[in-house]
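Examining the three-dimensional arrangement
Listed here are the chains, written in short residue letters.
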Amino acid sequence: MSKLVHERLQRLPLRDNRLLIAGRHTAELVAIAGGSPCYIYDRDTTTETVLALRQAMPESLKLHYAIKANPMPALVDHMACLLDGLDVASMAEMQVALGSGMDPEHISFAGPAKQPVELSAAVAAGVTLNVESELELERLAEIAARQGKKARIAIRVNPDFELKTSGMKMGGGPKQFGIDAERVADVLSRLAADCFDFQGLHIFSGSQNLQAQSLIDAHNKTFELAERIANSTSLEVRKVNIGGGLGIPYFPGEKALALDGIAANLAQLLGRRGPGLAQAEIVMELGRYLVGEAGYYICQVTDIKMSRGQRYLMTDGGLHHHLANSGNFGQVLRKNYPVVLADKITGEAMECVEIVGPLCTPLDIVAAGVELPVAELGDYVVVLQSGAYGASASPQGFLSHPPVRELLL
Ligand SMILES: *Cc1c(COP(=O)(O)O)cnc(C)c1O
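Residues numbered from 1 in each chain as written. Predicted model: local features only at pLDDT ≥ 70, side-chain atom pairs only at ≥ 80, totals over all residues. Heavy atoms only, no water.

All right, on to the pairing of strand S3 (residues 38–41) then. Neither face of S3 is open: one carries Cys38 and Ile40, the other Tyr39 and Tyr41, and all of them are buried. By the bridge criterion, 4 bridges tie S3 to strand S15 (residues 295–307) in an arrangement that is antiparallel. From the neighbouring strand, Ile40 faces S15, where its bridge partner is Tyr296. The pairing of S3 with strand S21 (residues 405–408) spans 4 bridges and is classified as parallel. Within the sheet, the bridge partner assigned to Ile40 lies in S21 and is Leu407. (Buried < 20%, exposed > 50% of the residue type's maximum accessible area, 1.4 Å probe, protein only. Helix = DSSP H or I, 4+ residues; strand = E, 2+ residues; numbered from the N terminus. Pairing = 2+ DSSP bridges.)

Here is the structure:
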């Protein structure tokens, strides 16, 4: 068993060598979900994660949930009760966010290439649009005039730095995200006061980072950049969304992020803000960190075969439901997510198996070369750390198998 699986299991409730998620055995969960494959999200785990984060972070820091990590409506409703706001990246996500009862004032809508219908919906709803281009701003002025109301906006800034060691870089250099930092002062100077209700700035530089020091560096640079922009404009900067980027461990050798250094640095940054940001609400937006660990992908072994000495466990679930686990969602080198047999956590006899799915492509890997107790037909395979970028980030239509079930308990 890999050290990561081992560490993760230390924090999982097990009984009699069996996994218990939300207090239930896997067969029971599958029955409730209406069959396998399914995702199970454990509500209590998300609650504990949010509470621990709040405990660690400075009290005045606002915490938002970026719902693209997992937009399941029941989960979003739950997160809305725990957090200060929701960040969305499409009109449908915005509608889910509104449905949670979150005040539109605390919903922000980011994302490149927003379509006119999305811009109109957002202005009408009164959510904050994080503007990604100068043309988007012109379109918003027209929409605001047509609706006879002001568009609530923040400027998404493409920073002049990168988040080092980040899984996915989303700022620095030329990018489709945001308006280049060096152009923002000019853009703000031309902002028509009668069309816009200016909220502030959004500076998001990357995601899935497990290096505290590089997050600290990014926060330092983000505050510095925000302060510089705030000092260059006569408009009041009421909010600064500093992005997120906190990662969770997936692969052998990765360790959970230590929050204390990050939190202490943020407390300092909050404390020594200059006049340009003194009144601003500082927001951190997180997706994966809040829900990743709370999710489990369950599939069932439906065929077993030997091929030239290699044992294959063939399951009803795979890449079409869990693209990231298959290694095809931004990874450079494929590695296994932590994976277990639900009802045989440890075993006397172990075997090294390839676990694959039902798709007619060699990319459809659930786990490659993994050491597990000897499996039988009907056993459930559980992929841990699967609460973020799972069902909604997978090509469910590919090969026309049934969509995956999702359950929040
Ligand atoms: C995707 C995204 C997030 C969430 O990133 P995580 O790595 O899941 O925390 C936050 N903000 C923006 C603007 C995003 O695009």
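Time to look at the pattern of salt bridges. A full pass over the atoms with the stated rule returns 16 salt bridges. The partner of Arg183 in a salt bridge is Glu134, with the nearest N and O atoms 2.7 Å apart. Residue Arg183 is found in helix H8 (residues 181–189), and its partner Glu134 is found in helix H7 (residues 134–147); the two are separated by 49 residues along the sequence. In this structure Arg183 comes out as partly exposed when scored by relative accessible area, which is 36%. Linking Asp197 and Arg152 is a salt bridge whose minimum nitrogen-to-oxygen distance equals 3.8 Å. Placement of Asp197 in strand S11 (residues 196–202) and of Arg152 in strand S8 (residues 151–158) is noted, with a sequence separation of 45 residues between them. You can call Asp197 partly exposed: its relative accessible area is 22%. (Salt bridge = Lys/Arg side-chain N within 4 Å of Asp/Glu carboxyl O.)

Before going further, it helps to examine the site of the ligand. Contacts to the ligand come from 12 residues, most closely from Lys68, Glu285, Gly287, Arg288 and Tyr389. Between the ligand and Lys68, the relevant distance is 2.6 Å, taken from an oxygen atom to a side-chain nitrogen or oxygen of the residue. At 2.8 Å, a backbone N or O of Gly287 approaches an oxygen atom of the ligand. Contact with the protein chains covers 93% of the free accessible surface of the ligand, which is 380 Å². Considered class by class, the residues forming the shell around the ligand number 5 nonpolar, 4 polar and 3 charged. (Near = heavy atom within 4 Å. Polar contact = N/O pair within 3.5 Å; in protein donor to acceptor, adjacent residues only side chain to side chain. Areas by Shrake-Rupley, 256 points an atom, 1.4 Å probe, with all protein chains shown as cover. Nonpolar A, V, L, I, M, F, W, Y, C, P; charged D, E, K, R; others polar.)

Attention now goes to the domain arrangement of the chain. Segmentation of the chain into domains returns domain 1 (3–41 + 293–408) and domain 2 (71–286). Each of domain 1 and domain 2 has a C-alpha centre, and the two are 34 Å apart. Contacts between domain 1 and domain 2 engage 14 residues on the former and 11 residues on the latter. Buried surface at the junction of domain 1 and domain 2, both sides included, amounts to about 1200 Å², of which 70% is carbon and sulfur. On the domain 1 side of the interface with domain 2, the three residues burying the most area are Leu4, Gln385 and Leu408, jointly 37% of the side's total. (Domains from an automatic or database assignment. Contact = heavy atoms within 4.5 Å. Buried area = accessible area lost by both parts, 1.4 Å probe.)

This brings us to helix H3 (residues 43–56). End to end, H3 covers 20 Å across 14 residues, agreeing with the expected 20 Å (1.5 Å per residue, within 8%). All of the buried residues along H3 are Thr45, Thr46, Thr47, Thr49, Val50 and Leu53. If you follow the buried residues of H3, they end up packed against strand S4 (62–66), helix H4 (73–82), helix H10 (259–271), strand S14 (281–286) and helix H11 (288–291). Two or three places before Asp44, at the opening of H3, Asp42 has a side-chain oxygen 3.2 Å from that residue's backbone nitrogen. (Expected span 1.5 Å × (residues − 1).)

A separate point is the pairing of strand S20 (residues 380–383). Burial along S20 is two-sided: Tyr380 and Val382 facing one way and Val381 and Val383 facing the other are all buried. Across 4 bridges, the pairing between S15 and S20 is antiparallel. The partner of Cys299 across the bridge, within S20, is Val381. In this structure, strand S17 (residues 339–341) lies alongside S20, joined through 3 bridges in antiparallel fashion. In the sheet register, Val339 faces S20, and the bridge partner there is Val383.

Let us look at the packing of helix H6 (residues 116–125) against H7. For the pair H6 and H7, the least separation of the axes is 10 Å and the interaxial angle reads 55 degrees. Between H6 and H7, the angle falls in the class oblique. In terms of crossing hand, the pair formed by H6 and H7 is right-handed. Of the residues in H7, those touching H6 at Pro116, Leu119, Ser120, Val123 and Ala124 are Glu136, Arg139, Leu140, Ile143 and Gln147. (Axes fitted to C-alpha atoms, helices over the stretch in contact; angles between N-to-C directions. Parallel < 35°, antiparallel > 145°, perpendicular 65-115°, else oblique. Left-handed = near helix turned anticlockwise from the far one by under 90°.)

Side chains of nonpolar character tend, in soluble globular proteins, to be buried together. Core analysis: the largest hydrophobic core is formed by 104 residues, its most contacted members being Tyr65, Ile153, Ile155, Leu246 and Leu290. Here this core spans two domains, and each of domain 1 (3–41 + 293–408) and domain 2 (71–286) adds at least three residues to it. Beyond its immediate stretch of four places on either side in the chain, Ile155 contacts Val131, Leu137, Ile179, Val184, Val187, Leu188, Phe198, Gly200, Leu201 and His202. Leu9, Val30, Cys38 and Leu407 belong to the second-largest nonpolar core, a separate cluster that totals 19 residues. (Core = buried A, V, L, I, M, F, W, Y, C linked by side-chain atoms within 4.5 Å.)

The omega torsion across Ser36 and Pro37 is 0 degrees, close enough to zero to call that bond cis. The topology assignment puts Pro37 in the loop between helix H2 (26–33) and S3. The backbone phi angle of Gln208 is positive, close to 50 degrees, even though this residue is not glycine. Structurally, the position occupied by Gln208 is in the loop between strand S12 (206–207) and helix H9 (212–231). Take Gln208: its relative accessible area is 14%, and that puts it in the buried class. The phi dihedral of Tyr389 falls on the positive side, at around 55 degrees, and the residue is not glycine. The residue Tyr389 is located in the loop between S20 and S21 in this model.

This paragraph deals with the packing of aromatic side chains. Scanning all chains against the criterion turns up 6 aromatic pairs. Measuring from ring centre to ring centre gives 6.0 Å for Tyr39 and Tyr41, while their planes differ by 25 degrees; the resulting arrangement is stacked. Overall, Tyr39 belongs to the buried group, its relative accessible area being 0%. Here Tyr250 and Phe251 contribute two aromatic rings whose centre-to-centre distance is 5.8 Å and whose plane-to-plane angle is 40 degrees, an arrangement assigned as tilted. For the pair Tyr250 and Phe251, a shared accessibility class is recorded, and that class is buried. In this structure an aromatic cluster arises from ring pairing among Tyr39, Tyr41 and Tyr297. (Phe/Tyr/Trp six-rings, centres within 6.5 Å; stacked < 30°, edge-to-face > 60°.)

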